[in-house]
Amino acid sequence: MNQLTPREFDVMAPLILGGLLQLAGERTPQSLYYVLVGRKANQTIQDVHHYRLHPYYRLFPGFLKERWQEFVTYFLQSGWMERKKAGDKVRQLTFAITEAGRQQVQRGNERYRLDYWLSPLNGIVYGERLELFWMRLHLLVQTISHLKRRQHAFYPVVQRKQVQAWVKQHLTRPLMRHRLENDQLYNELLEVLSPYDKDMQRLLVDQLSGATQVGHTLEQISVRSGEPLPLVQLKMKWLLTRLLCEVVEAGVQRYPVLSALAAVESARDPRLSASAGETYRLLKKGLGIEEIMNRRRLKRGTVEDHLVEIALHCPEWDISPYLPEEVKQLILHTSRKAGTKRLRIIKDMLGEQCSYLQIRLALAQEGGMMHAEAAGPTG
Amino acid sequence: MQKLRGQLDEALVRYFGYPSFRPGQRELIEKLLQGKNVLGLLATGGGKSLIYQLPSLILPFLTLVVTPLISLMVDQVQKLRQQGRRDVAYVNSALNPEEVQQLLREIRSGRYKLLYVSPEKLKHPAVVAALRQRRVSLFAIDEAHCISQWGHDFRTDYLRLPSVVEAVGSPPVLALTATATAEVVEEICRLFHIHRDDLVKQSLNRPNIAYDIQKVDSEQEKREWLLHALAHLGGSGIVYCSTREAVEQVVRLCREAGIDNVHGYHGGMEAMERVLIQEQFLRNQLRLIVATNAFGMGVDKPDIRFVLHYHYPASLEAYVQEVGRIGRDGLPGYAGLVYWPGDTAIHQGLLRAESLSRADVEKFLQVVTGTASRTISFAQLHTELGIGETQMRALFFYAEQAGMVADVVLTKDGYVYHLGTGEQHIAAHRIAEELARVRQAKLEKLQAMEHWLEQTGCLRRAIAAYFGEQADGLTYDMYCCSHCGLDRSYYGRQTGAAARTMSDKEWDLEQVLGRLLGRRSGLESGGSL
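Residues numbered from 1 in each chain as written. Chains lettered and ligands numbered in written order. Predicted model: local features only at pLDDT ≥ 70, side-chain atom pairs only at ≥ 80, totals over all residues. Heavy atoms only, no water.

Novice: So what exactly am I meant to see when it comes to the side chain of threonine 94 of chain A here?
Specialist: All names here are of chain A. Assignment of secondary structure puts threonine 94 in strand 2 (residues 93-97). When its relative accessible area of 1% is taken as the criterion, threonine 94 is described as buried. Here glutamate 26 takes part through its backbone nitrogen, which lies 3.4 Å from a polar atom of the side chain of threonine 94. (Helix = DSSP H or I, 4+ residues; strand = E, 2+ residues; numbered from the N terminus. Buried < 20%, exposed > 50% of the residue type's maximum accessible area, 1.4 Å probe, protein only. Polar contact = N/O pair within 3.5 Å; in protein donor to acceptor, adjacent residues only side chain to side chain.)

Novice: How should the sheet that holds strand 14 (residues 375-377) of chain B be read in this particular structure?
Specialist: Sheet strands line up and pair through hydrogen bonds in the backbone, either parallel or antiparallel. All names here are of chain B. With respect to topology, three strands assemble into an open sheet ordered 14-16-15, the strand pairing being antiparallel. With one partner strand each, in any of the chains shown, strand 14 and strand 15 (405-410) form the two edges of the open sheet. Here the average twist between neighbouring strands, direction ignored, is 25 degrees. The pairing of strand 14 with strand 16 (residues 414-419) spans three bridges and is classified as antiparallel. Residue serine 377 lies in a different strand from strand 16, and its bridge partner there is glycine 414. (Pairing = 2+ DSSP bridges. Axes fitted to C-alpha atoms, helices over the stretch in contact; angles between N-to-C directions.)

Novice: What's the story with helix 8 (residues 161-171) of chain A in this structure? I'm lost.
Specialist: Each full turn of the α-helix corresponds to 3.6 residues, which orients residues three or four apart in the same direction. Those residues of helix 8 of chain A that sit buried are Val163, Gln164, Trp166, Val167, His170 and Leu171 of chain A. Relative to the axis of helix 8 of chain A, the buried residues are bounded by an arc of 160 degrees and lie together on one face. In this fold, the buried residues of helix 8 of chain A make contact with helix 7 (123-148), helix 9 (174-181) and helix 14 (256-262) of chain A together with helix 4 (70-82) of chain B. (Arc of directions from axis to C-beta. Contact = heavy atoms within 4.5 Å.)

Novice: Is there a simple way to explain the domain arrangement of chain B in this structure?
Specialist: Accessible area lost when the parts come together is the quantity often used to give the size of an interface. Along its sequence, chain B is carved into domain 1 (2-201), domain 2 (209-347 + 456-492) and domain 3 (355-445). The distance between the C-alpha centroids of domain 2 of chain B and domain 3 of chain B comes to 36 Å. (Domains from an automatic or database assignment.)

Novice: For this particular structure, what's the right way to read the pairing of strand 8 (residues 209-215) of chain B?
Specialist: Moving residue by residue along a regular strand, the side chains alternate between the two faces of the sheet. Residues and elements named next belong to chain B. Across the seven residues of strand 8, five count as buried, placing the element largely inside the fold. Across seven bridges, the pairing between strand 8 and strand 13 (residues 333-339) is parallel. Residue pairing for strand 13: tyrosine 211 is matched across the bridge by alanine 335.

Novice: Sorry, what's going on with the packing of helix 1 (residues 6-23) of chain A against helix 2 (residues 30-37) of chain A here?
Specialist: Helix-helix packing is described using two parameters, namely the angle between the two axes and the distance between the axes. Residue and element names in this part refer to chain A. Packing of helix 1 against helix 2 brings their axes to within 9 Å, and their N-to-C directions diverge by 120 degrees. Here helix 2 runs oblique to helix 1, going by the angle between their axes. In this structure, the crossing between helix 1 and helix 2 has a hand that is right-handed. On helix 2, the residues that touch Ile16, Gly19, Leu20 and Leu23 of helix 1 are Ser31, Leu32 and Leu36. In the contact of helix 1 with helix 2, the residues fall into five nonpolar, two polar and no charged. (Parallel < 35°, antiparallel > 145°, perpendicular 65-115°, else oblique. Left-handed = near helix turned anticlockwise from the far one by under 90°. Nonpolar A, V, L, I, M, F, W, Y, C, P; charged D, E, K, R; others polar.)

Novice: Help me understand unusual backbone geometry in this model?
Specialist: Keep in mind that most residues, glycine aside, have a negative phi and that most peptide bonds are trans. We note that arginine 58 of chain A has phi near 60 degrees; this positive angle belongs to a residue other than glycine. Mapped onto the fold, arginine 58 of chain A is located in the loop between helix 3 (42-50) and helix 4 (65-77). We note that glutamate 143 of chain B has phi near 50 degrees; this positive angle belongs to a residue other than glycine. Counting through the fold element by element, glutamate 143 of chain B comes out in the loop between strand 5 (136-141) and helix 7 (161-167).

Novice: Help me out: how do you make sense of the interface of chain B and chain A in this one?
Specialist: Counting residues at the interface gives 51 residues for chain B, matched by 59 residues for chain A. The junction of chain B with chain A conceals about 5,300 Å² of combined surface from both sides, 58% of it contributed by carbon and sulfur atoms. Taken together, the connections running from chain B to chain A amount to one salt bridge. Salt-bridge contacts for glutamate 219 of chain A lead to arginine 255 of chain B; the nearest nitrogen and oxygen are separated by 3.0 Å. In this structure, the connection of chain B to chain A is made through twelve residue pairs in polar contact (both at pLDDT 80 or more). Listed by contribution, the elements that provide at least two residues to the side of chain B that touches chain A are helix 4, helix 10 (244-256), helix 11 (271-282) and helix 19 (509-516) of chain B. Grouping the amino acids of the side of chain B that touches chain A by side-chain chemistry returns 17 nonpolar, 17 polar and 17 charged. (Buried area = accessible area lost by both parts, 1.4 Å probe. Salt bridge = Lys/Arg side-chain N within 4 Å of Asp/Glu carboxyl O.)

Novice: For this particular structure, what's the right way to read the sheet that holds strand 5 of chain B?
Specialist: Residue and element names in this part refer to chain B. One open sheet accounts for seven strands, arranged 3-4-2-5-6-1-7; its pairing is parallel. Strand pairing shows two members of the sheet lacking a second neighbour, strand 3 (88-91) and strand 7 (199-201), which therefore form its edges. Each adjacent strand pair in this sheet contributes to an overall mean axis angle of 20 degrees, direction not counted. Relative to strand 5, strand 2 (residues 62-66) runs parallel, the two sharing five bridges. Paired with threonine 63 across the strands is leucine 138, a residue of strand 5. This element, helix 3 (residues 50-58), spans strand 2, strand 4 (114-117), strand 5 and strand 6 (173-177) of the sheet and lies at about 140 degrees to strand 4.

Novice: What exactly am I supposed to notice about the environment of threonine 67 of chain B here?
Specialist: Within the element layout of this structure, threonine 67 of chain B appears in the loop between strand 2 and helix 4. Sequence spacing of threonine 67 of chain B and leucine 435 of chain B is 368 residues, and the spatial spacing of their C-alpha atoms is 24 Å.

Printed below as a string of structure tokens:
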């Protein structure tokens, strides 16, 4: 994604404006950039939860900073976006989306159904898992395709070593091998893809490689179908997300091979970063912030960041020692009343009644909860 | 000797399936097996890898191959394994520490006979120790011109190689390069103790390639030239551009002109995408690749019919390497370059962007000496100095030479080092001087390239003369070059089959999937990746 054609821009502009809409009046435009590229910093993760940007997280990991600047400049010049002060006491600037900007978002939805394609996406939950699922699928298809034709020499499309090792390892398992010999992957792919339109099926299958074809890039598919590249990328994410959810929901009984492709094998808590996971382990053993700081030789700020991360992702954690229920309610009430999630403003309003950490914890837990509900039964 | 000859011929047929050696190959191998240090000057596509791969089957201990090209080592190891060789491996910075440890154990245990290693890995004492313990039978150095500070591709890590050769017991050295001027050859021979008689030279002349330069006055004329050439040339080909942006622009230009069977290729693209494009090209599913110089290394496609240069390269060495990919099958091919003098601005800009001022050097030394942990990440250096990885490597190298730092080790996260005893002011001066010299050498390469473009004599002879070859009696198959006269239409006759795209109506999920996954034809047992 470098220089955009007018048609590509026509998709990207409303897509980005739609994300900015959620952040208007609260954060800088830059924060959306970090969401789009999938930065792992706590601030970015919190933004995603607070402002419900789950579909946007890691949507374009290779998005260049220069391009981003061009978008912002263009939006400002076109009068779709305005710079604005966040509040009286705060010097930091935020922005507003104008009526014309909202119309752009609306137009993108009408023209390209952007809202529809975005709705099932969730980069926080599925981001890397989606990529892994896709790479494993791609390499497994290529491998089977060649083995069936007794061709042992082929150049693996997926170069990532962990993925190669994974496929290799699974191919040697007797049960898996038995299934693959009996066209199980073919049957499962047929079943999982059959509910979709032909162009959706083709979007996925055209990209696969094997003895009979070398996969097409999304760019080539966009040339063939005449659709702008970003839209094709978005549709592919949509399709993969739907497939992954379907496989996970239906389970091993129905999709034994695809379920294996979708599984995450990891000893550590997949919801947390490695370091925060370690802090969580110590918290559960009953250690306090000070003790964790000493034991792990971490700064206070780092451990506090971990607590916020845990509050976001682990609803089972008993937060009360750090955030009594009444303080939490007070913070949430204040936040709602002021119509903001900005720490500084809330802190100024509550003064010594609570700490910054407590505000962050309250907002984090609330954000995590909201998301759990939103993701609810439909997944 | 006779017995050895027979052995070599037999191995050639048995392991490689070739009936006979190509020029220079046998001579180099025989000299090596006699224990001599040799330098092979072999044209791109001249069969360099065979010269170490074959002896590695015969020699008792390890054959070590030093190469800076990670893609090449991955590619060759993958191919050799596909052919059934289990005794090959590679070590480079892309491996994590545990993988390296595991490999070193296996090396010491004698599991491998052919090992590829990237030059920076030879800085690690543990690696050198493992090699010494295993014993090295042959020390091959690919892209040997990288050792020359006057070369177009100087790599600081190469300067350590002579001492590594000694450290592993001074086995015979095989230095290989496709492109080296007389002075670079001299330097390689001096550093690796190679006798003049042990220099084996394949002529760089490629009789089946015709050279064409078209001088134009504007960017617009360049585009017209390119589209005209693409509309008339037959077979598959590559268009080289100097920047990623230009690649994308040219791809767009082609598509707008109705040339659909084209794809861009550059280092900024995703790994999977790059593999797909390369494979499509190899299997003739894709006819045209528009690329930066990131494309081509290790791409073994015999029937590339043309290479076009939308921008001229930064040196004649690079040019020869890029057009050398044409017609490895021996059939006629076309090298066309559209020359617009205004493009010099791109090269000047790139040179400027990578050059470091005295102030940069001083700031670098301050950061390095001022970092208490003696560990600096790429990101930190990048933010504080705004420099790229190549520049960091050069700076650390010269800083070590100037005694400012010692025991510099490159890890996955950045540089780890100790402080030296050098005096900062003197060191800064020395480093800045060295850097200026390297920059000057690059500038001269660029000027030589531009001189070649401007001169009016035979293009083929001028290339030969630049590389210090006999310029008389050079042969060619069909046409020589645009200065001697050539018929461009000759290269348009054979046309590659256009890839057909299925219409949506014809496309059927069951059919395509069934064909792809070879339904009900049984999975062969014992298959492996």
